[in-house]
Amino acid sequence: MKLSAPLYEALLKYVEDGTMPYHMPGHKEGRIIPRKYIENLAKIDLTEVPGTDNLHDPQGPILEAEKLAAKAFGAKMSFFLVNGTTCGIYAAMSAVLNDGDAVLIQRNSHKSVYNGLILTGATPVYLNPLMDYEDGIAMGVSIDELEGLLKDNKDIKAVLITYPNYYGFCMDIKRIVDLVHKYNKILIVDEAHGAHFAFSDRLPLPASKAGADIVVESIHKTLPAFTQSSILHVNTDRVDADRLKFYLSLYQSTSPSYILMTSIDLARDFMEREGKDRLDKCVNLSIDARNKLNAIEGVKCIGDDVVGKYGINDYDTTKLPISIKGLGISGSEAERILRENFNIQMEMSDLYNILAIMTVADDEKEFDKLVKSIEGLLKYKKNQEIRLIEYYPDVPEMKMKPSEAVKKPYTLLKIDDAVDSVSLDYVIPYPPGVPLVCPGEIIKKDMVQYIKLLYNIGIKIVGIDNLNIRVFK
């Protein structure tokens, strides 16, 4: 009987096509995962039986593995996450926030942070990102504005920041830690893209080593672990560990995957044994690739040119954000060309840029292929200017808390007719997955114009269906 498993078949086709991945997960199709582990995956897919321990009450090998992780990542305590960094964000927010508490967050936070507002009932105070309009990227934040908000909103209980951003750019984490603690607030850091920082002094300072109270990392993004493998670190006594453990148990599956837990354990072991040397090599190859990419006419690998601007203090050299607007083609078009004609798949694309994630699994071959493929884009160069987005709408006024808005009855309207209505949904362009409008916010005319601009140039936007949106009116 012929196999009929469409998802499996689609994944197998991707692999069999020989597509070279410049995207997560960091193990890059298992290149550096031990063969013995792969061969025994089905056998070690176990449950809580004597000798295997229990994630929700670890007293044996899981606890031992978490302690080894804490030591390796420089944390006071570490907790394995099998529901991704998302569940860690939920647990961190729930551990420190109660219904109605104020929390200061970057407006360019991941959707999981906004979902955390719904789960906790907390009230957001937004910190706008500094925009790099030339490259079309929401970057860091103003430290002065951060302090101003802490001064003006004394009821803020916690601050939640993203470090690094999706493109690898980093704010001054030590200054932020010191400032937040100066005002006696708890700092939660979404460090989803920075798990590898702990293993090299040539990369940005890890948030845990800077003294952030809670740090959540996606092990699978930049280290050799399976998707959904993440970790949460606690670094100070400001956090109620028992309350945190309760919420970790609440948001994680009661049938946690031993495959994912061992994936975290093995990734940590690999990095301590040989990963540091491989990461150092990856940094060297990344720097060399940056130089070669910057030598291509019409191409720019963004890095040193933004340090000291837009609230950026440092950047991850192993992330390669490549601006190709000088070639007269959009990022999304370049991503398609690279996949169809060069058989490589980038991590993401936006209007101006494509992004490659390089990890300890990549070697000279992968770097050389990337540079040659980008050089190959020259024959697709167009004599046109990619349309610039030179403004970013103001953060919409919040009419009601997100946790209240999602419970309201809704009306479906064309977005042009939704001006001055209250959104009951997120409006999120992908990438990078940062909401333009959140539940409970008033939709203004400038936001409608911006959403339509993105929509009309082909950016995928979640929360609108054929320019229809759910509102409360």
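What you see is a predicted model, and the numbers here were worked out from it, not measured in a lab.

Give a detailed account of the sheet that holds strand β7 (residues 156–162), specifying residues and quantitative values.
Taken together, 7 strands build an open sheet; the order of strands is β2-β11-β10-β9-β7-β3-β4 and the sheet is mixed. Edge positions in the sheet fall to β2 (77–81) and β4 (123–127), since each of these pairs with one other strand and no more. Taking the axes of each pair of neighbouring strands and ignoring which way they run, one obtains an average angle of 20° across the sheet. Where strand β3 (residues 102–106) and β4 come together, 5 bridges link them in parallel fashion. Each residue of the ladder has a partner; that of Ala102, found in β4, is Thr123.

If you had to explain the domain arrangement of the protein to someone new, which residues and values would you point to?
If you check the domain split of the protein, you get domain 1 (35–268), domain 2 (277–380) and domain 3 (402–472). Each of domain 1 and domain 3 was reduced to a C-alpha centroid, and the two centroids are 28 Å apart. Contacts between domain 1 and domain 3 engage 13 residues on the former and 15 residues on the latter. In total, domain 1 and domain 3 occlude about 1,100 Å² of area from one another, counting both sides; carbon and sulfur atoms represent 64% of this. Area buried by domain 1 at its contact with domain 3 is led by Arg107, Lys111 and Ile118, which between them contribute 47% of it. Our count for the contact surface shared by domain 1 and domain 3 stands at 1 salt bridge. We note a salt bridge from Arg107 to Glu441, for which the minimum N-O separation is 2.7 Å. Our enumeration of links across domain 1 and domain 3 arrives at 4 residue pairs in polar contact (both at pLDDT 80 or more). Among the secondary structure elements, those contributing two or more residues to the side of domain 1 that touches domain 3 are α5 (111–120) and β4. If you tally residues by element for the side of domain 1 that touches domain 3, the top one is α5, at 5 residues.

Provide a residue-level description of the environment of Val360, including the pertinent values.
When you line up the elements, Val360 lands in the loop between β17 (353–357) and α13 (364–376). Remark: the alpha-carbon pair of Val360 and Phe226, spanning 134 residues in sequence, is separated by 14 Å. Ignoring sequence-local partners within four residues, the contact set of Val360 consists of Ile32, Pro224, Phe270, Met271, Gly275, Arg278 and Leu279.

Account for α5, with residues named and values stated.
When you tally the buried positions in α5, you get 7 out of 10 residues, the bulk of the element. Burial in α5 covers these residues: Ser112, Val113, Tyr114, Asn115, Gly116, Leu117 and Thr120. The elements touched by buried residues of α5 are α4 (84–96), β3, β4, β7 and α14 (402–405). One or two residues past the end of α5 sits Gly121, with phi positive at roughly 75°.

Before we move on, could you go through the pattern of salt bridges and cite the residues and values that matter?
One pass over the full model with this rule turns up 29 salt bridges. In this structure, the salt-bridge partner of Arg268 is Glu272, at a minimum N-O distance of 3.0 Å. Within this pair, Arg268 and its partner Glu272 are both found in helix α11 (residues 258–294), separated by 4 residues, close to a single helical turn. On the basis of relative accessibility, which here comes to 36%, the residue Glu272 falls in the partly exposed class. Note that Arg273 and Glu274 form a salt bridge whose closest N and O atoms lie 3.5 Å from each other. A relative accessible area of 52% means that Arg273 is categorised as exposed.

So what's going on with the sheet that holds strand β14 (residues 319–323)? Residues and values would help.
Spatially, 4 strands are ordered β12-β14-β17-β16 in an open sheet, and the strand pairing comes out antiparallel. A strand with exactly one partner marks an edge of an open sheet, and here the two such strands are β12 (300–301) and β16 (348–349). Judged from the 5 bridges that link them, β14 and β17 form a sheet pairing that is antiparallel. When the bridges of β17 are listed, Ser323 appears paired with Asn353. Its contacts with the sheet put α11 on β12 and β14, and the angle it makes with β14 is roughly 5°. Set on the sheet, helix α12 (residues 331–342) makes contact with β16 and β17; between it and β17 the angle comes to about 50°.

Requested: an account of the packing of aromatic side chains, with residues and values cited.
Applying the stated rule across the entire model yields 10 aromatic pairs. The interplanar angle of 65° and the centroid separation of 5.6 Å between the aromatic rings of Tyr90 and Tyr251 together place this pair among those described as edge-to-face. Placement of the pair is Tyr90 in helix α4 and Tyr251 in helix α10 (residues 241–251), with a sequence separation of 161 residues. Of the residues examined, Tyr90 reaches a relative accessible area of 15% and is grouped as buried.

Got a sec to walk through the side chain of His181? Specific residues and values, please.
By the element assignment, His181 lies in helix α7 (residues 173–182). Here the side chain of His181 touches Asp213 through a polar contact of 2.8 Å, side chain to side chain. When residues no more than four places from it in sequence are discounted, the contact partners of His181 are Gly211, Asp213 and Arg238.

Thresholds applied
- Residues numbered from 1 in each chain as written.
- Predicted model: local features only at pLDDT ≥ 70, side-chain atom pairs only at ≥ 80, totals over all residues.
- Heavy atoms only, no water.
- Pairing = 2+ DSSP bridges.
- Helix = DSSP H or I, 4+ residues; strand = E, 2+ residues; numbered from the N terminus.
- Axes fitted to C-alpha atoms, helices over the stretch in contact; angles between N-to-C directions.
- Domains from an automatic or database assignment.
- Contact = heavy atoms within 4.5 Å.
- Buried area = accessible area lost by both parts, 1.4 Å probe.
- Salt bridge = Lys/Arg side-chain N within 4 Å of Asp/Glu carboxyl O.
- Polar contact = N/O pair within 3.5 Å; in protein donor to acceptor, adjacent residues only side chain to side chain.
- Buried < 20%, exposed > 50% of the residue type's maximum accessible area, 1.4 Å probe, protein only.
- Phe/Tyr/Trp six-rings, centres within 6.5 Å; stacked < 30°, edge-to-face > 60°.

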